[in-house]
Amino acid sequence: MEAPANQRAVRRHNLGVVLRHVVEQGPRSRATIAQETGLNKSTVSSLVTELIEIGVLVERGTHRTGLVGRPGLVVDVAGSGAAGIGLEVNVDSLTVCATDLARNERHRGLDVADNRDRDPGEVMGRLAALAREALDALRAQGVAPLGITVALPGLVDTAAGVLLLAPNLRWEDLPVARMLMQRIDAPGLDVVIDNEANLAALAELHEGAGRGLQHFVHVSGEVGIGAGVVLDGRLFRGAHGFGGEFGHLTVDPGGTRCACGSHGCLETCAGLEAVLAAAGESGLSDASAADAVAKLAGRAQEGDPATVGALGDAGHWLGIGLACVANLLDPEAIVLGGFLASLAPHLAPAAEAELDARMLGSGHGRPDVLASPLGSAAASRGGAALALHRVLENPGVLGAPEVVT
Ligand SMILES: [Zn+2]
């Protein structure tokens, strides 16, 4: 006979199975859930009742007829029940985004400023203010905030909540999770930090260009360049969680010194500031990244030779880096995100030419180069989704006393 603790663990696991099934497969009857998950009908019925009480599922009538019992009633995700919050720290901006279990965006906010010139404590204060705005907006909509994930442009120790190194921000060994929790002052709210490129790749996997793909690399371009690697449908993090530092691949050994201390890293050739400088534009101190990128796209569209040349060169360097990745991993697709998504029509042809020239298997099929439909929103959406995912894995936490404050 099972011990009560094991029974509780099995029940928590089964709550997750039922909730994930409805989130992924859509509205359906209790009988259908039982049939599809292999759980018995009375168990499903009691699990569904608990999930409705927690506020993450709702029951509503439909014209469809169920197989047996409770005909005409289906169980669906309560879009209004709960939301996750994603925060993102970038070199030139801070972003917040909140999405509910039905993936609807409930709130979005932006704070544009060059964070390289600000004290980390001050930046955390501004980030906490964005988080509090999101919490207020969710509460006003009757939606329960479940957790926060912070996307950071550097090496992150997720378990310790510490940003180890962010060369472009010149930040090192910063306990971001603790600093933020102190400033948000929302006891019981779970704050987790992660690498921005990893979170962006997760967003692509679940709701962007990576949907349905098993193996792809998402390249997020801002001032720095990062990558999230998805293999066998899962994010690949590496031994220390440092995988995907694509921007620091050496593409030009004798090239310019990088913020990381090395020379000729990809981001010194194809990062946003490098592209702006090559196109003869001023840097990000005079314009937001979004405005600077829109201006570049406009000039490229008009055929301005300096801009077209700069974007072609960036595509060339990007393609050299991508060919290394493609030879190593054989991905189905490369997804260009961040500013690279907006400028993909002007960058991708040169990158594809390098892939054709340098990838051994290119004659037998090379990865498609796709523009992300999520663009610069990917990391914050991925963060919000990951906060929700923590609940999908263990919905019992919602009703647990430790999170009710
Ligand atoms: Zn570097």
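What counts, and at which threshold
- Residues numbered from 1 in each chain as written.
- Predicted model: local features only at pLDDT ≥ 70, side-chain atom pairs only at ≥ 80, totals over all residues.
- Heavy atoms only, no water.
- Helix = DSSP H or I, 4+ residues; strand = E, 2+ residues; numbered from the N terminus.
- Buried < 20%, exposed > 50% of the residue type's maximum accessible area, 1.4 Å probe, protein only.
- Salt bridge = Lys/Arg side-chain N within 4 Å of Asp/Glu carboxyl O.
- Core = buried A, V, L, I, M, F, W, Y, C linked by side-chain atoms within 4.5 Å.
- Contact = heavy atoms within 4.5 Å.
- Disulfide = S-S within 2.5 Å.
- 1 Å grid on protein atoms, 1.4 Å probe; cavity = no way out; pocket = protein on both sides within 12 Å on 5 of 7 lines; lining within 4 Å.
- Points joined across faces, edges and corners; volume = space filled by probe spheres on them.
- Nonpolar A, V, L, I, M, F, W, Y, C, P; charged D, E, K, R; others polar.
- Pairing = 2+ DSSP bridges.
- Polar contact = N/O pair within 3.5 Å; in protein donor to acceptor, adjacent residues only side chain to side chain.

Next up on the list: the environment of P253. Residue placement: P253 occurs in the loop between β13 (234–236) and α7 (266–270). With relative accessibility at 67%, the residue P253 sits in the exposed group. A sequence separation of twelve residues divides P253 from C265, and the C-alpha atoms of the two residues are 7.9 Å apart.

So, on to the pattern of salt bridges. Across all of its chains, the model carries 17 salt bridges by this definition. Across the pair E105 and R108 runs a salt bridge whose closest N-O atoms are separated by 2.9 Å. One continuous salt-bridge network, built from bridges that share partners, spans E105, R108, E207 and R381.

So, about the nonpolar core. In this structure, V219, F246, L272, L318, L322 and L336 are the most contacted members of the largest nonpolar core, which totals 42 residues. Examining the composition of this core, we find that nine residues originate from one element, helix α10 (residues 305–329), more than from any other. When near neighbours in sequence (up to four residues on either side) are disregarded, V219 contacts I225, G226, A227, F246, L318, L322, I334, V335, L336, G337 and L340. L94, A166, L174 and V176 belong to the second largest nonpolar core, which has 34 residues in total.

As enumerated under the stated definition, the model contains zero disulfides in all. With no disulfide of its own, C269 has C265 as its nearest cysteine by sulfur position, at a separation of 8.6 Å. Overall, the relative accessible area of 16% leaves C269 in the buried class.

It is worth spelling out empty space enclosed by the protein at this point. Across all of its chains, the model carries one cavity of 30 Å³ or more by this definition. Estimated volume of the largest cavity: approximately 60 Å³. Taken together, E88, N90, E196, A200, H218, S220, E222, G338, G375, S376, A378 and A379 make up the lining of the largest cavity. Looking at the lining of the largest cavity, the elements with two or more residues in it are α6 (196–207), β11 (216–221) and α13 (378–393). Split into classes, the residues belonging to the lining of the largest cavity amount to three nonpolar, six polar and three charged.

Let us look at the pairing of strand β6 (residues 144–152). Across a regular strand the side chains alternate sides, sitting on one face of the sheet and then on the other. For β6, a buried count of eight out of nine residues is recorded, marking the element as mostly surrounded by other parts of the structure. Note that strand β3 (residues 82–89) and β6 share seven bridges and pair parallel. From the neighbouring strand, G84 faces β6, where its bridge partner is G147. Looking at chain direction, β6 and strand β10 (residues 190–195) are connected through six bridges and run parallel. Bridge pairing in β10 links G147 to D190.

Right, let's talk about the environment of D356 for a bit. Tracing the sequence through the fold places D356 in helix α12 (residues 344–358). Considered as a pair, D356 and A323 are 33 residues apart in the sequence and their alpha carbons are 8.3 Å apart. Residues contacting D356, with those up to four places away along its chain left out, are S362 and R366. Within polar-contact distance, the side chain of D356 engages the side chain of R366 at 2.5 Å.

Attention now goes to the layout of surface pockets. Roughly 970 Å³ of volume is contained in the largest pocket. Surrounding the largest pocket, 29 residues form its lining, E24, R103, L205, H206 and H389 being those nearest its centre. Split by residue class, the lining of the largest pocket holds twelve nonpolar, eight polar and nine charged.

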